[in-house]
Amino acid sequence: MRRPTDIDALRQALCAALGSREPVCSLSQLRLGEGVFTDDDILRRPTLVAGAAGYGPTSPAPTAQDVDALVRRAEESEAAQILVPGVRRTDDAGALRAAGFVPVAAGAECVVRLNGDVDELLRGRIGAERLDDVRRRSRALSLTWERIPLGGLDEKPWARDAFVNIHGDLFDAAALRALEQGQLADRAELLVRRRGESVVQAGLLVGSHSGRGLYCLALATDRDDPAARHGLHVVSLYQLYVDAHRDGLDWVHLGQGEADRQRALGADLFVPLDHWLRAPGLTAPEQASTAPEVSRFTNPPVTTVAVPGPARFRHRPRFDLIDLSSNTNPFLGPGGRYPELDTTDLARTYLTTVAQLPGHDGLDALTDEHLLFSSGAVDAVMLLLTALTSPGDRVCVTPPTFELYAHFARVLSLPVVDVPLGGQDMNRLDVRRMLAADPRVTVLCDPNNPVGTRLDPEQVHELIAHTEGLVVIDEAYVEFSDKPSYAGLVAEHDNLIVLRTLSKAWGLAGARCGIALAQPGIIEAMRRVQVPFGFTDASQRAVRERLVDVRRVRDSIGDILAERDRMAALLAEHPTVDRVFPTQANFLLVRLHKHEQVMDRLRAAGIMVADVGRLIPDTCRISIGERRANETLLDALTATL
């Protein structure tokens, strides 16, 4: 609802409510200043209001010509100040700033995207327990549900009266009549819930001009009715989502509000907003740079290019646009649309969720600017080597380790320096030799794959502090470890990158979701070499649902650790096994007495384990599976005797 004709219709409704030709009133009348403006003079002064203040949608940032017209109208109406409310922070507000308007943070625009079954979506956003509660409340409420087109209110005057009685103020009879006679009438309707003849709840809904979504401009409940105390608001929104999805709509707009509160109602897209005010004595602060500078480690050619294509505009919401820019087939359903690029809220959800896990102190200091989603953690390795190294730069690896680090380095013609791990458990770094190699990038795998042990933390800290290059720590298995993550150190070191994945402990290998955590300058450099649409909508939904269901994940990790310890003890006593290495991962490195013979027998029995004998003689890596699979493995080992 950002078309000028739509905004003008809402402006006419506001004028009707105020009983004036121009929308001039105090900010306190609009209830926009509560908790935003602290100056009483600002709250009381006559203010010319632009946009659609009081009715929910955002205001498009005006052009220079529009701003000039606002200033003239304010002078003609003798308004002491001008307010352009709810402008998206991603809009170009240059004309407002140049005219002396000052931005004031105003919360967020909140949207529920309906890209799938409603119950499945909400389960992933608010959790199964809360969803079950909402559905139970919905079944228990004996209320009728009726949606009445605005053009049909003359036939149902009781609905108009009930709506005005519940809302009042800006939604009085004059405002509602102005909407009935305006441009929005053919797309607007009242939502009414009744108990018998008594109206319990009333709302105003407007379809988007694109036909793809629904704006919920108002939804209020009679506070004296018992239903108000039993979650009627969220229950009605749930029913609204179900109806909208059934009607083939893609989203429901909940208006402006605090993200945390609206997230609990199912919202998953939050667009930061500013109110822009021009008032006596107010001066605009200096404009801060919106894009982080790239890291000092960035490959020089990468510093000269921008983030590719549409990813450059990833923070600009697309839900209410008519997109004629993508050259896709519009006749075969939503699969013809490219994935969402704005993963800001998902990044915050990830950081908030993981910060609650043991061993993740310091993660609350990170923001979405410290995080990049990639197509698995291995994709992040390729991205960082491409973005942060130049031809001839050395890459240091610590064999035995994950082989793709060296593989990707060699593909990019980067010399690889091997500095093997030491110690009986292969958990010691030769820091002096690593520093002497002067690598551009050092990649550590911790917990180690294929060994499973953790590196000496004092040596890791020493390496980070003294190297002239980057240190990359791949923590693919850290959720299985009882030692802390290094992710919390990212905010303190500009040469540290921590890689995480949702493929292992989180059980989402098919979603292909890796995470790179680093300072914003490194993330910006990596973003410049990343394919824009690699993180699909289906993967984003799967990730969100799993992050909400963290208790189930933690329970499953406990089950894996218990089974790991049981298997370690049984294998240590097995005649075919020479040694079981200590592990902090969800697998066991096992040295076999008759390596080739045992591996042949396992393959013949239809059992796959990782043969890592070329890295560590006579060894294999055994993932911890379900109890039946593990027992089958033990039986097959016994059959090799």
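The structure contained in this document is the topic of the report that follows. (Residues numbered from 1 in each chain as written. Predicted model: local features only at pLDDT ≥ 70, side-chain atom pairs only at ≥ 80, totals over all residues. Heavy atoms only, no water.)

Remarks on the overall build of the protein chain
Cut-off, in case you're wondering: Only runs of H or I of at least four residues qualify as helices and only runs of E of at least two qualify as strands under DSSP, and these elements are numbered from the N terminus. For each residue, the accessible area found with a 1.4 Å probe, counting protein chains only, is set against the maximum for its type, and the residue is called buried under 20%, exposed over 50%, and partly exposed in between. Contact between two residues is taken to exist if any of their heavy atoms lie within 4.5 Å; hydrogens are not considered.
In terms of helices and strands, the protein chain carries 22 helices and 21 strands. For the C-alpha atoms alone, the extent of the protein chain along its principal axes is close to 90 × 55 × 45 Å. The buried share of the protein chain, taken over its 641 residues, is 52%. Long-range contacts, defined as pairs at least 24 residues apart, comprise 73% of the intrachain contacts of the protein chain with a sequence gap of at least 6.

So, the state of the cysteines
Quick note on the threshold: Any cysteine sulfur atom paired with another within 2.5 Å is treated as part of a disulfide.
Per the counting criterion, the structure on display carries zero disulfides. The thiol sulfur of C110 is not disulfide-bonded, and the nearest other cysteine sulfur, from C216, lies at 12 Å. Looking at the unpaired C396, the closest cysteine sulfur is the one in C445, lying at 14 Å. The exposure class assigned to C396 is buried, which follows from its relative accessible area of 0%.

Quick look at helix α15 (residues 404-411)
Since the α-helix advances by 3.6 residues per turn, residues separated by three or four positions end up pointing in the same direction. What counts here: Note: the arc covers the axis-to-C-beta directions of the helix.
Of the positions making up α15, those classed as buried are Y405, A406, F408 and A409. With its buried residues spanning 165 degrees around the axis, α15 presents them on a single face. Next to the buried residues of α15 lie α14 (377-388), β12 (395-397), β13 (416-418), β14 (441-445) and β15 (470-474). S413 occupies a position one or two residues after α15 and carries a positive phi of about 60 degrees.

Examining the sheet that holds strand β9 (residues 251-257)
In plain terms, the rule: Strand pairing is defined by DSSP finding a minimum of two bridges between the two strands. Inter-axis angles, ranging from 0 to 180 degrees, are taken between N-to-C directions of lines fitted to C-alpha atoms, where helices are fitted over the stretch in contact.
Spatially, ten strands are ordered β1-β2-β3-β10-β4-β9-β8-β7-β6-β5 in an open sheet, and the strand pairing comes out mixed. Pairing within the sheet leaves two strands with one partner each, and these edge strands are β1 (24-25) and β5 (144-149). On the sheet, helix α8 (residues 157-167) packs against β5, β6 (188-195), β7 (198-207) and β8 (213-221) and is oriented at approximately 95 degrees with respect to β7.

Some words on the packing of helix α19 (residues 537-548) against helix α20 (residues 550-572)
To be explicit about the condition: Here the angle decides the label: under 35 degrees means roughly parallel, over 145 means roughly antiparallel, 65 to 115 means roughly perpendicular, and every other value means oblique. Gly counts as polar in this scheme, as do all residues outside two lists: the nonpolar Ala, Val, Leu, Ile, Met, Phe, Trp, Tyr, Cys and Pro, and the charged Asp, Glu, Lys and Arg.
The N-to-C vectors of α19 and α20 enclose an angle of 75 degrees; their axes lie 5 Å apart at closest approach. The angle between the axes of α19 and α20 places the two elements in the roughly perpendicular class. Packed against α19, whose contacting residues are R546, L547 and V548, the element α20 presents V550, R552 and V553 at the interface. Per-class residue counts for the contact of α19 with α20 are four nonpolar, no polar and two charged.

Examining the packing of aromatic side chains
Selection rule: By convention, a stacked pair of Phe, Tyr or Trp rings (six-membered ring in the case of Trp) has centres within 6.5 Å and planes under 30 degrees apart, an edge-to-face pair has planes over 60 apart, and any other such pair is tilted. Cation placement over rings: the criterion is NZ of Lys or CZ of Arg within 6 Å of the ring centroid and within 35° of the ring normal.
Applying the stated criterion across every chain, the model contains seven aromatic pairs. Taking the centre distance of 5.0 Å and the plane angle of 35 degrees together, the rings of F373 and F535 count as tilted. Here F535 lies in the loop between α18 (520-527) and α19 and F373 lies in strand β11 (residues 371-374), a separation of 162 residues in the sequence. Classification of F373 by relative accessible area gives buried; the value is 7%. You can call F535 buried: its relative accessible area is 10%. With centroids separated by 5.4 Å and ring planes inclined at 75 degrees, the aromatic side chains of F402 and Y405 adopt a geometry described as edge-to-face. Here F402 falls in the partly exposed class, since its relative accessible area comes to 25%. Chaining the aromatic ring pairs together yields one cluster made of Y215, W251 and F319. Here R194 stacks its cationic end above the ring of W158, 4.1 Å away from the centre of that ring. For R579, the ring lying beneath its charged end belongs to F581, and the centroid distance is 4.1 Å.

Re the layout of surface pockets
The following threshold applies: Lining residues are defined by having an atom within 4 Å of a point belonging to a cavity or pocket. Those points lie on a 1 Å grid over the protein atoms alone, cavities being sets where a 1.4 Å probe fits but cannot get out and pockets being open sets with protein on both sides within 12 Å along at least five of seven lines. Grid points are joined across faces, edges and corners, and a volume is the space filled by probe spheres set on the points.
In this model, the second largest pocket occupies a volume close to 1,600 Å³. Lining the second largest pocket are 47 residues, and of these R31, G54, L217, A218 and Q256 sit closest to its centre. A per-element tally of the lining of the second largest pocket places β8 first, with six residues. A per-class count over the lining of the second largest pocket returns 25 nonpolar, 16 polar and six charged.

Quick word on the nonpolar core
What counts here: The term nonpolar core refers to a set of buried residues drawn from Ala, Val, Leu, Ile, Met, Phe, Trp, Tyr and Cys, joined through side-chain atoms within 4.5 Å.
Formed by 54 residues in total, the largest nonpolar core has its most connected members in L444, W506 and L517. When near neighbours in sequence (up to four residues on either side) are disregarded, L444 contacts T398, Y405, L429, M434, L455, V460, L463, V471, V472, I473 and D474. Residues A53, A188, L190 and F319 belong to the second largest nonpolar core, which totals 41 residues.

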